[in-house]
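# Structural features, examined
What follows is the residue order along each chain.
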Amino acid sequence: MRFTKTLTAVAVATVLLAGCQTTAETQNNRQQAVAAAQQNLPDLDIAYESFTLDNGLRVVVHTDRKAPIVAVNVWYAVGSKDEKQGQTGFAHLFEHLMFNGTENYDDEYFGPFERAGATDMNGTTNNDRTNYFQNVPTPALDMALWMESDRMGHLLGAVTQEKLDEQRGVVQNEKRQGEAQPYGKVFGFLAEQTFPQGHPYSWSVIGSMEDLNAASLEDVHQWFNDYYGAANAVVVLAGDIDVATAKEKMEEFFGHIPAGKPLQKLESWVAKREGIKRATMEDNVPAARLYKVWNTAEMGTDDSEYLSLMVDILAGGKNSRLYQRLVYDEQIASMASGFNYERLLAGQIMLIADAKPGVELAKIEAIIDEELNKLMTEGPTAEELARVKFSQVAGFVRGAERIGGFGGKSDILAAGEVYHGNPGAFEKSLATIQAATAADIQGAMQRWLTDGAFVLNVVPQPRYTPGAQIADRSKLPEVGELPELDLPELNTFTLSNGLEVALAERHDIPTVQMSLIFDSGYASDFGNKVGTASFAMSMMREGTSNRDALEFSRQLESLGTSLYASASLDTSRISMDALTSNLAPSLDMFADMLLNPTFAQDEIDRKRSNWLETIKREKAQPNSQALRIMPSLLFGDNHAYSQPLTGSGTEQSINSLTRDDLVAHHSTWLRPDNARLVIVGATTEAEIKPLLEQYLAAWQAPATAKPTKQFSDVAPQSVNRVFLIDQPGTPQSTIFAGHVAPSDKVDNAEAIDVMNTIIGGSFTSRLNMNLREDKGWSYGARSSWIGNNEAGMFLAIAPVQTDKTKESIQEIVKELKQYEGDKPATAEELAKVKANKTAKLPGAYETKGALLGSIVSTLEKGKDMQWLENYGERVNSLEVNNIRQVAKDVIRPEGLTWVIVGDLSKIEADVRALNLGEVTKLDADGNPL
């Protein structure tokens with residue numbers, strides 16, 4: 001699908017000259033420029049070739065030489081819809097089993113890929129398909145194909161009862177972890193209630209506990225034999241590869257695999273409903289929430305595309321009708337959203353809204369019905385339709401920058417082949433979106449108020465024959481010599497207002513990303529009201545002296561531009577991602593947001609109300625609740641880092657914020673001599689510098705001294721402490737254990753990072769292998785070194801099933817003590833991590849966002865691009881004794897602060913019996929009880 005660029009030179013000139021005209025003329029010209037830009041759709045194509053092996057395996061190839069990496073994306077046309085009642089959850093359970101070794105490589109699947117530097121590596125299951133994907137350096141392609149083909153054709157001998165029991169436990173903990181979250185039980189209940197009994201979408205992808213417990217080894221073997229044949233799979237190879245090479249390698253590694261049995265599959269079963277059905281669910285949630293659901297047209301139909309546009313107009317973000325009505329105007333909801341849940345057999349339109357305290361859900365539902373009927377009767381406006389079309393196309397363009405991962409080119413091509421038998425199916429989708437009219441959307445809405453139909457087509461299965469086995473299955477192919485990291489040059493220059501600018505050119509797709517970084521962040525709140533930095537930065541998009549909040553958001557969406565302001569612990573930033581064709585009008589909005597925020601009182605009040613609801617949600621979610629409390633426990637009250645790590649502040653501080661506080665933060669910290677602008681994208685200094693000078697000319701540093709943040713020293717905790725937070729009825733306990741750690745600016749930062757990776761920073765780390773893979777008590781356990789600029793934190797984190805809380809704590813203590821004691825890091829562990837961290841470097845900067853983030857981090861440390869490029873050398877120079885010494889220096893098992901969130905009626909006695917240290921019970925705000 002190709003889109004023609006139609007923004008004329010006159011329209012561009014209109015934007016550039018707007019500042020010379022009257023306010024009315026400026027506004028009119030801006031509107032004209034935005035209207036023109038809405039038709040300025042980018043020219044983007046995904047070239048591919050496809051072929052089919054004699055055994056029925058379909059292969060799609062896309063060549064992209066911008067980085068020496070290849071995305072390997074394997075899709076099987078099987079998902080939870082292919083299960084039957086009594087055996088639900090099989091597709092997802094089998095996805096987990098596929099990572100536990102094969103007949104010829106009976107070990108953890110992630111190991112070789114970590115050593116080879118694989119990125120974007122995962123496996124996922126949904127209703128309609130199961131996929132496995134990874135990006136590997138080009139020399140590792142044979143290894144990746146060997147591994148993928150080995151589990152396609154040589155798996156069952158390695159699927160033992162022990163592995164089944166282990167992964168069954170992991171999946172059940174994943175289910176518990178999901179259901180422990182606020183609203184975590186909703187989608188399973190919706191599946192049961194919106195589709196008739198026996199419908200393939202009437203159960204959740206993860207299945208029921210009873211069915212998972214009943215799954216036998218014979219059952220899962222049969223599942224593999226039924227659905228994992230070559231003729232039911234698609235392999236997409238995208239990146240540094242051509243078709244001739246792909247044909248040779250695919251025949252070598254996959255050609256001998258049997259096609260599999262003939263399959264009978266449903267093609268459509270919409271199960272459209274009539275009448276109204278109501279239910280009430282009680283759960284531990286922070287706010288009353290309304291879900292409204294209709295069964296609609298299946299994926300791939302024109303009506304499904306029209307309904308996607310419709311739901312964006314009705315409930316897709318701040319400019320949607322429901323957000324403006326419920327959240328912005330009447331302020332009776334803190335959130336309003338919606339989406340088209342597209343699937344092969346049927347779609348669903350879902351509308352969701354969170355009620356403000358004291359608001360009846362019936363009142364919200366009445367407004368939803370009113371707005372829905374109004375849209376159906378009158379249709380969308382021309383501006384609404386143009387805006388959502390451009391927004392969807394811009395999102396597609398950005399996803400297609402990457403060859404792998406979710407939304408990347410290999411994902412797009414695989415979805416087209418598996419779902420529609422055509423890798424280029426996205427072209428029809430984009431063409432339908434581009435041509436859609438208001439009448440089309442109205443018609444689709446009206447059609448889905450009537451009954452649907454069920455149609456079954458049966459076609460003969462072609463007779464496929466497997467070829468002879470070529471690949472040597474006795475050992476893994478060696479990974480070849482990896483290419484050196486080659487990053488673009490960093491060009492630095494200074495604007496006339498003193499702002500430092502760093503530019504890295506990347507001309508792969510027509511976009512420019514930039515971040516304006518300020519030395520402020522949450523830490524700048526110290527001595528003032530916590531949450532000020534985050535709140536002030538979030539207010540930057542809520543209206544300027546030239547555009548109110550809704551107009552600002554509407555123009556950004558019309559331009560296809562992302563523009564946000566945010567804060568982290570040490571920095572605040574304004575970030576923009578714009579199409580090069582709309583760079584000038586996008587910079588106009590960037591400068592307007594930076595220079596002219598109004599901090600209008602009505603917008604402050606509106607945001608404050610929603611902000612307080614966010615704090616309530618943080619307290620209801622175990623992980624964020626612990627992260628709110630942990631910093632104050634580690635750093636004490638008199639430190640700039642002792643506030644909630646979420647940056648949201650407290651109810652008291654947010655309620656006390658005034659407009660003057662926000663204006664003062666903006667004028668104090670957001671100044672050019674306290675900032676750096678980093679740009680990555682398809683532009684040059686000659687192109688971008690004049691635009692920056694034009695739009696930032698009015699931004700000048702005040703005469704006052706540049707502000708500085710205040711930090712105090714922190715004494716490490718010398719004894720263990722335990723803090724308990726009660727969440728009655730939760731099926732899991734969330735365990736945090738941490739202490740103060742070095743800053744990420746220390747000279748041995750790479751050694752600390754590698755040390756953390758071995759103990760808990762990767763899938764095959766000691767903590768995760770113990771609690772997830774060996775014990776099956778957790779869906780995932782990990783550790784994290786949060787460096788920060790002044791002082792860091794070391795955290796071990798494990799959500800575990802309630803009845804294994806005590807034992808999990810004991811295992812965490814054991815692992816930490818052994819790691820800095822009698823079972824230190826081994827040479828093998830170090831070699832694996834070094835291989836992973838260095839081998840994935842060539843593909844680590846595939847996206848502009850990844851490169852931008854690394855450049856920002858490098859410059860914040862006072863380093864240059866050579867230092868960034870030499871990262872691999874520094875890692876490879878590490879010796880095992882370095883890691884062992886760092887573990888002794890950093891990890892302090894006898895000085896841990898434990899925060900444990902769970903059902904205290906079931907776990908408190910066991911935790912106290914461990915005698916870890918003094919035990920204190922806290923309320924949701926972290927206050928002692």
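Residues numbered from 1 in each chain as written. Predicted model: local features only at pLDDT ≥ 70, side-chain atom pairs only at ≥ 80, totals over all residues. Heavy atoms only, no water.

## As for the UniProt feature "domain: Peptidase M16 N-terminal" (unreviewed entry) in the protein
Per the UniProt annotation, the sites labelled "domain: Peptidase M16 N-terminal" (unreviewed entry) are residues 58–196 and 501–629. Helix makes up 40% of residues 58–196 and strand 21%. Its end C-alpha atoms lie 34 Å apart. The annotated region residues 501–629 carries 46% helix and 21% strand content, and the separation between its end C-alpha atoms amounts to 37 Å. (UniProt positions renumbered as here; feature names shortened; annotations may be inferred. Helix = DSSP H or I, 4+ residues; strand = E, 2+ residues; numbered from the N terminus.)

## Some words on the pattern of salt bridges
Taken as a whole and assessed by the stated rule, the structure comprises 54 salt bridges. Linking Arg58 and Glu417 is a salt bridge whose minimum nitrogen-to-oxygen distance equals 3.2 Å. With Arg58 in strand E2 (residues 58–63) and Glu417 in helix H15 (residues 409–420), this pair connects stretches of sequence that are 359 residues apart. Here Glu417 falls in the buried class, since its relative accessible area comes to 9%. Glu370 is the salt-bridge partner of Arg325, the closest N and O atoms lying 3.3 Å from each other. Taken together, the residues Arg325 in helix H12 (residues 321–329) and Glu370 in helix H13 (residues 361–378) connect sequence positions 45 residues apart. We classify Glu370 as partly exposed; its relative accessible area is 45%. (Salt bridge = Lys/Arg side-chain N within 4 Å of Asp/Glu carboxyl O. Buried < 20%, exposed > 50% of the residue type's maximum accessible area, 1.4 Å probe, protein only.)

## Some remarks on the sheet that holds strand E5 (residues 130–137)
The six strands lie next to each other as E1-E2-E6-E3-E5-E4, forming an open sheet whose pairing is mixed. Each edge of the open sheet carries a strand with a single partner, namely strand E1 (49–52) and strand E4 (119–125). For this sheet the average axis-to-axis angle between neighbouring strands, irrespective of direction, equals 15 degrees. Two elements, strand E3 (residues 69–76) and E5, share eight bridges in a ladder whose sense is antiparallel. From the neighbouring strand, Asn73 faces E5, where its bridge partner is Phe133. Relative to the sheet, helix H5 (residues 141–153) contacts E3, E5 and strand E6 (233–239), its axis offset from that of E3 by approximately 10 degrees. Of the strands in this sheet, E2, E3, E5 and E6 are in contact with H15, which crosses E3 at around 25 degrees. (Pairing = 2+ DSSP bridges. Axes fitted to C-alpha atoms, helices over the stretch in contact; angles between N-to-C directions. Contact = heavy atoms within 4.5 Å.)

## Regarding helix H3 (residues 90–97)
Among the eight residues of H3, eight are classified as buried, and the element is accordingly described as predominantly covered. Burial in H3 covers these residues: Phe90, Ala91, His92, Leu93, Phe94, Glu95, His96 and Leu97. Considering only its buried residues, H3 is in contact with E4, E5, helix H6 (161–179), helix H8 (209–214), helix H9 (217–227) and helix H27 (766–774).

## Quick word on the pairing of E1
Two elements, E1 and E2, share four bridges in a ladder whose sense is antiparallel. Along E2, the bridge assignment pairs Phe51 with Val59.

## Thoughts on the sheet that holds strand E13 (residues 500–505)
Taken in spatial order, the six strands make up an open sheet running E12-E13-E17-E14-E16-E15, and their pairing is mixed. The two strands at the open ends of the sheet, each matched to only one other strand, are strand E12 (490–494) and strand E15 (562–567). Between one strand axis and the next, the sheet turns by 15 degrees as a mean value, whatever way the strands run. Sheet topology places E13 next to strand E17 (residues 675–681); six bridges connect them, and they run parallel. Along E17, the bridge assignment pairs Ala504 with Val680.

## A few points about the packing of H3 against H6
In the contact formed by H3 and H6, the axes pass within 9 Å of each other and the chain directions differ by 120 degrees. One element, H3, and the other, H6, form an angle in the oblique class. Seen from above, H3 lies across H6 with right-handed handedness. The residues of H6 that touch H3, namely those facing His92, Leu93, His96 and Leu97, are Lys163, Leu164, Gln167, Arg168, Val170, Val171 and Glu174. Of the residues contributing to the contact of H3 with H6, the split by class is five nonpolar, three polar and three charged. (Parallel < 35°, antiparallel > 145°, perpendicular 65-115°, else oblique. Left-handed = near helix turned anticlockwise from the far one by under 90°. Nonpolar A, V, L, I, M, F, W, Y, C, P; charged D, E, K, R; others polar.)

## Points about a negative patch on the surface
Judged by side-chain charge, Glu481, Glu484, Asp486 and Glu873 come together as a negatively charged surface patch. The residue Glu481 is located in the loop between strand E11 (454–455) and E12 in this model. Relative accessible area serves as the criterion here: at 75%, Glu481 is assigned to the exposed category. (Patch = residues over 30% accessible without salt bridge, like charges linked within 9 Å, V, L, I, M, F, W, Y side chains within 5 Å. Areas by Shrake-Rupley, 256 points an atom, 1.4 Å probe, with all protein chains shown as cover. Lys, Arg positive; Asp, Glu negative; His and termini not counted. Charge placed at Lys NZ, Arg CZ, Asp CG, Glu CD.)

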